[in-house]
Amino acid sequence: MTEPQGTVQLPPQLSTIAPEVDDMYYLIYWISVVFFVVITGAMLYFMYKYRRRPGRKAKAPGHATALEIAWTVAPLFLLVYLFHMGFQTYIHGSVAPDDAVDVRVRAMQWNWEFEHPGGVIDEMNLFKVPVNKPVRVIMSSSDVLHSLFIPAFRVKRDAVPGMYTSLWFEATELTDDRECEVDADCPEAHQCGRNGTCALPLFCTEYCGAPQNIQDSAGRNTNHSTMMADVRVITQEAYQEFLELGPPPPPECEGSDDMMECWGEQLYAVNGCVGCHSVDGSAGPAPTWQGLWGAQRAFDGGGSAVADENYIRESILQPQANIVEGYTAVNMPPYRLSDRQIDAIIAYMQTLSE
Amino acid sequence: MTVEAGTAVPSGDAHEGGDNYLTHETGLKSWLFTLDHKRIGLMYLVSVLVMFFLGGVMALLVRTELLFNGETIMEADTYNKVFTLHGAIMVFLFIIPSVPAAMGNFFLPIMLGAKDVAFPRLNLASFWIYGFGTIFAIVAIVAGSVDTGWTFYTPYSARADSSVIWMTLAAFILGFSSILTGVNFIATVHKMRAPGIHWKRLPLFIWGIYATSVIQVLATPVLAITLLLLIMEKTLTIGIFDPALGGDPVLYQHFFWFYSHPAVYIMILPGMAVVNELIATFSQRKIFGYMFVAMSSVALALLGFLVWGHHMFTSGMSEYATMVFSALTFLVAIPSGVKVFNWVATLYEGSISFASPMLYGLSFIVLFTIGGLTGLFLGTLSTDIHLHDTYFVVAHFHYVMVGGTVFGFLGGLHYWWPKMTGKMYDEKLARVSWFLVFVGFNVTFFSQFIMGSQGMPRRYYDYLDQFQPLHMASSGGAYILGLGFIVMAYLFWKSLRSGEKAPPNPWASAGYEWMTTTPPHPHNFAETPVMKRGPYDYHLCTEEELWDGFPEDFEAKKAKA
Ligand SMILES: [Cu+2]
Ligand SMILES: [Cu+2]
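Draft legend 1. Molecular detail of the overall build of chain B. Looking only at helices and strands, chain B has 16 helices and two strands in total. Its C-alpha radius of gyration of 23 Å places chain B within 12% of the 24 Å reference for a compact globule of 561 residues. C-alpha atoms of chain B, sized along the principal axes, occupy 70 × 50 × 45 Å. Burial statistics for chain B: of 561 residues in total, 68% are counted as buried. Contacts in chain B between residues far apart in sequence, at least 24 positions, make up 82% of those at least 6 positions apart.

The structure is reproduced here in structure tokens:
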């Protein structure tokens, strides 16, 4: 399989709409070249022919109303045509086909969260996309303006706080997700993504600020120019499996003997549980996880339960259902994690109670 | 007795050692409280040049940071402040007042054969307001450490503190100065024309400045409304722009561009206005299609009010609005094209000199054509979606604003320098600096077109490895550009110190402003002139007024004398 090649001006066409946009681009490009050559050509020729030299006397221009009207009106036809063609593709790009997969995208300073059908939320800043299937992106922002831009797909739309915006595309090529160390290891127009594999870059193109320079401990982005995500186009089967099983374990855990425990520990860090829950018994805004597994829990306002699978699951998905006695000051936000992820967290908790 | 232009010999040498506006009065006070439009124009010129220098330093800092991937000389946070400063200074403090306030003030009354503008006191007031606004703006940006980009989009700009209010206030104070200047110019053009200057004899420079003034008067109040709404939102917590209060951030963009798109024409029309004079003078020919060129300025001024939405095609505005704005935007191409075609047609059968001001004039045609044609990619909806907020846009507007307005401004500076200062400059050095500026500019920004269409977003502190070579090229171009400006500063400095005395009409121009003495008489003309011909009627000029047919006008004139 050969990857579609980009040109000097444009990145490779990796969506169904890209060729349409590019045709328009090149049409305007060639029109521009013709105009430019004619205008500067005439200019250079006159500059040479009528250069000032002894004996040269300028002629006063007469009236040329017909010519004036001609070059006022003639471009109008061209412009109407350009407008029409551009608008057609734009409308095509605005109205998603009925069978599109809906993905909700939440933009926040300075990360992207992707929620796939069935409430499956993938790792931050990773956008899995099924090949040859229209995907409709419904965007919102929780703070300031952002804008989602995937150059290889030729799509862009602002994420505006307080309203939903959307765009759609259909990816036509699987992403070559070979391993990499720098962008140069990857095919054209790809970046070396977060897990050391190649991916298509998704940029934020609406300026959204920058407090610091670096990425924070959990590998999140911390400024406008790093507010990028990896777009990974996968087969429809792989996408279906992803929807059923939820996000897979991170590569550093995959294949190891204590895969679930390792994954649980990673989720503990990446999802920010670490901010409230300790794992070494030290006190904090929330109960420590040390010795939690299997313990008897007493609730605020009476009642109690044993910390088993169902209890942990409920505590994560609906934290407010039962509040542990003495921990009413801080509210834990609900987390939407997949079953496998909750299993991984439980596995990790179990290691803390041995 | 009155001087009758067209029959009388310019009275320059007669006034040898005589009174002029520079020597008429002396002392700092005679400048700060002057009512002479020429002195006010000169003070504007000095201020905008200082601002241009500051904005230029910021530009070089930005390009140096982008030379390499990752941190080069500053942190991301500082970078954001620096590019904000660059944009805000260049737009509000340099380009907008550059041609209209500096050259407009100096030459508009002279070109009308008037003694001064209609309201000299108002003119001084607007200069003072500009000075105050400039200081206010810089303090607001630095103290508020504004890092929003020159567009101040909400809610980002509204989040941290009230610095956006201060910035808008600064823009409004500056805008107020523009309104006063605009009103003044409109009144002057209507009421102060010397006998014989009817509308069809109005220099095209004046037509351009006139159209600009109309936009300034009509568009700037919108800025005041925006400011009022921002203040109301902040103090009364009424949700207008901030979604956290139930406001609409897209509404802010509508307000901002409703002012700022016309502001784009406030910036480009004066550049075009200067170029008309350059092309006519150095081809010794009336601008082809004079009335079409004049009317195209007016058309641009009016159309400019109807296309602001083209900055918002991806903003979440409705599809219908998007369609209408795209269609209207295409119309702008018509008057712009008319101008370019007519300029080229003016060269036809002219007698073309390549003196340094003309080099800028001719470069303007080339660069503005590129700027205009790349606008087609951005007006077309499907391609704009891909190109919006990338370096393609950055390159496009620099071709228009720098390749257009700034080249026009520099051309005007070289062209009118002898008249304003009474000194000639080193033509060889002027050509060297033009060459550096022209080449540097194109290297800087042409590479940005390619980066942009490849998907490099703007306002990025960092970038993917694939963009490294183009970023380096762009920064390299910026250094060449900077070098060109250093040479230019040197040649003007040298001219002031030891330049040869300028004759009244070194470029053999038929323009009205060259009929007065050099530097001009305090009242522009010793006696009210009566114009018997148009400012481009080269065929009606006497041999004494013009000396054509030689490659070096100035040399020839000297030889003759
Ligand atoms: Cu962002
Ligand atoms: Cu605009």
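From this point, the narrative continues.
Draft legend 2. Main features of the confidence of the model for chain B. Residue and element names in this part refer to chain B. Mean pLDDT over chain B stands at 88; residues scoring 70 or higher make up 93%. A low-confidence stretch, residues 1-17 stays under pLDDT 50, and its non-local contacts, those more than four residues away or across chains, total 31 contacts. Low pLDDT (under 50) marks residues 548-559, which in the prediction has 28 contacts with non-local residues, meaning those over four places away or in another chain.

Draft legend 3. Fine view of the packing of helix α2 (residues 65-94) of chain A against helix α10 (residues 319-347) of chain B. α10 of chain B packs onto α2 of chain A with a crossing angle of 150 degrees between their chain directions and a minimal axis gap of 9 Å. In terms of axis orientation, α2 of chain A runs roughly antiparallel to α10 of chain B. For the element pair α2 of chain A and α10 of chain B, the recorded crossing hand is right-handed. In the contact of α2 of chain A with α10 of chain B, the residues fall into 18 nonpolar, five polar and two charged.

Draft legend 4. Broad picture of the coordination of the copper ion (ligand 2). Residues and elements named next belong to chain B. Those donors, His261 (ND1), His310 (NE2) and His311 (NE2), are the protein atoms that reach the copper ion (ligand 2), and they lie 1.7 to 2.0 Å from it. Within one chain, the residues donating to the copper ion (ligand 2) are spaced in sequence as H-x48-H-H. Separated by 50 residues along the polypeptide, His261 in helix α8 (residues 249-283) and His311 in the loop between α9 (290-303) and α10 bring together distant segments of the chain. A residue is classified by how much of its surface remains accessible, and His261, at 4% relative accessible area, is buried.

Draft legend 5. Quick peek at the interface of chain A and chain B. Facing the 88 residues of chain A at the interface are 93 residues of chain B. Surface buried jointly by chain A and chain B totals about 7,600 Å² across both partners, of which 67% is contributed by carbon and sulfur atoms. On the chain A side of the contact with chain B, Arg52, Tyr90 and Tyr207 of chain A bury the most area, a combined 12% of that side's loss. Summed over the shared surface of chain A and chain B, the number is two salt bridges. Between Arg157 of chain A and Glu319 of chain B there is a salt bridge, with the nearest N and O atoms lying 3.8 Å from each other. Here chain A and chain B share 22 residue pairs in polar contact (both at pLDDT 80 or more) between them. Listing elements by their share of the side of chain A that touches chain B, those giving two or more residues are α1 (18-49), α2, β7 (155-159) and β10 (198-204) of chain A. The element that contributes the greatest number of residues to the side of chain A that touches chain B is α2 of chain A, accounting for 17 residues. Considering only residue class, the side of chain A that touches chain B consists of 52 nonpolar, 22 polar and 14 charged.

Draft legend 6. Region of interest: the side chain of Ser140 of chain A. Position of Ser140 of chain A relative to the elements: it lies in strand β5 (residues 134-141). The contacts of Ser140 of chain A, once residues within four sequence positions are left out, are Val105, Arg106, Ala107, Ala159, Met163 and Tyr164 of chain A.

Draft legend 7. Layout of the coordination of the copper ion (ligand 1). Residues and elements named next belong to chain A. Protein coordination at the copper ion (ligand 1) comes from His146 (ND1), Cys204 (SG), Cys208 (SG) and Met227 (SD), with a distance range of 2.0 to 2.4 Å. In this structure, the copper ion (ligand 1) is surrounded by four donor atoms whose angles at the metal cover 90 to 122 degrees, and the resulting shape is tetrahedral. Of note, the copper ion (ligand 1) draws all its donor residues from one chain, in the sequence arrangement H-x57-C-x3-C-x18-M. Taken as a pair, Cys208 in the loop between β10 and β11 (229-234) and Met227 in the loop between β10 and β11 lie far apart in primary sequence, 19 residues in all.

Draft legend 8. Representation of the state of the cysteines. Residue and element names in this part refer to chain A. Counted according to the given criterion, the structure contains three disulfides over all chains. Across the disulfide from Cys180 sits Cys192; the S-S distance is 2.1 Å. Measuring handedness by torsion sign, the sulfur bridge of Cys180 and Cys192 sits at about 95 degrees and is right-handed. Of this pair, Cys180 sits in the loop between β8 (165-170) and β9 (191-192) while Cys192 sits in strand β9; the two residues are twelve residues apart in sequence, bridging distant segments of the chain. The exposure classification of Cys180 matches that of Cys192, with both residues buried.

Draft legend 9. Representation of the environment of Leu223 of chain B in the model. Residues and elements named next belong to chain B. Summarising the element assignment, Leu223 is placed in helix α7 (residues 204-236). In this structure Leu223 comes out as buried when scored by relative accessible area, which is 7%. With 37 residues separating them in the primary sequence, Leu223 and Ser260 have C-alpha atoms 8.8 Å apart.

Draft legend 10. Just the domain arrangement of chain A, in detail. All names here are of chain A. Looking at the assigned domains, one finds that chain A contains domain 1 (18-52 + 59-94), domain 2 (101-245) and domain 3 (259-351). Centre-to-centre separation of domain 2 and domain 3, based on C-alpha positions: 29 Å. Each side of the interface is counted separately: domain 2 has six residues, and domain 3 has six residues. A salt bridge links Arg336 to Glu115, with the nearest nitrogen and oxygen atoms 3.2 Å apart. Grouping the constituent residues of the side of domain 2 that touches domain 3 by class yields three nonpolar, no polar and three charged.

So, how was this worked out
- Residues numbered from 1 in each chain as written.
- Chains lettered and ligands numbered in written order.
- Predicted model: local features only at pLDDT ≥ 70, side-chain atom pairs only at ≥ 80, totals over all residues.
- Heavy atoms only, no water.
- Helix = DSSP H or I, 4+ residues; strand = E, 2+ residues; numbered from the N terminus.
- Rg over C-alpha atoms; globule rule 2.2 N^0.38 Å.
- Buried < 20%, exposed > 50% of the residue type's maximum accessible area, 1.4 Å probe, protein only.
- Contact = heavy atoms within 4.5 Å.
- pLDDT = per-residue confidence, 0-100.
- Axes fitted to C-alpha atoms, helices over the stretch in contact; angles between N-to-C directions.
- Parallel < 35°, antiparallel > 145°, perpendicular 65-115°, else oblique.
- Left-handed = near helix turned anticlockwise from the far one by under 90°.
- Nonpolar A, V, L, I, M, F, W, Y, C, P; charged D, E, K, R; others polar.
- Donors = N, O, S within 2.8 Å, 3.2 Å for Na, K, Ca; no water.
- Buried area = accessible area lost by both parts, 1.4 Å probe.
- Salt bridge = Lys/Arg side-chain N within 4 Å of Asp/Glu carboxyl O.
- Polar contact = N/O pair within 3.5 Å; in protein donor to acceptor, adjacent residues only side chain to side chain.
- Tetrahedral: all angles 85-135°; square planar, octahedral: opposite > 155°, others 65-115°.
- Disulfide = S-S within 2.5 Å.
- Domains from an automatic or database assignment.

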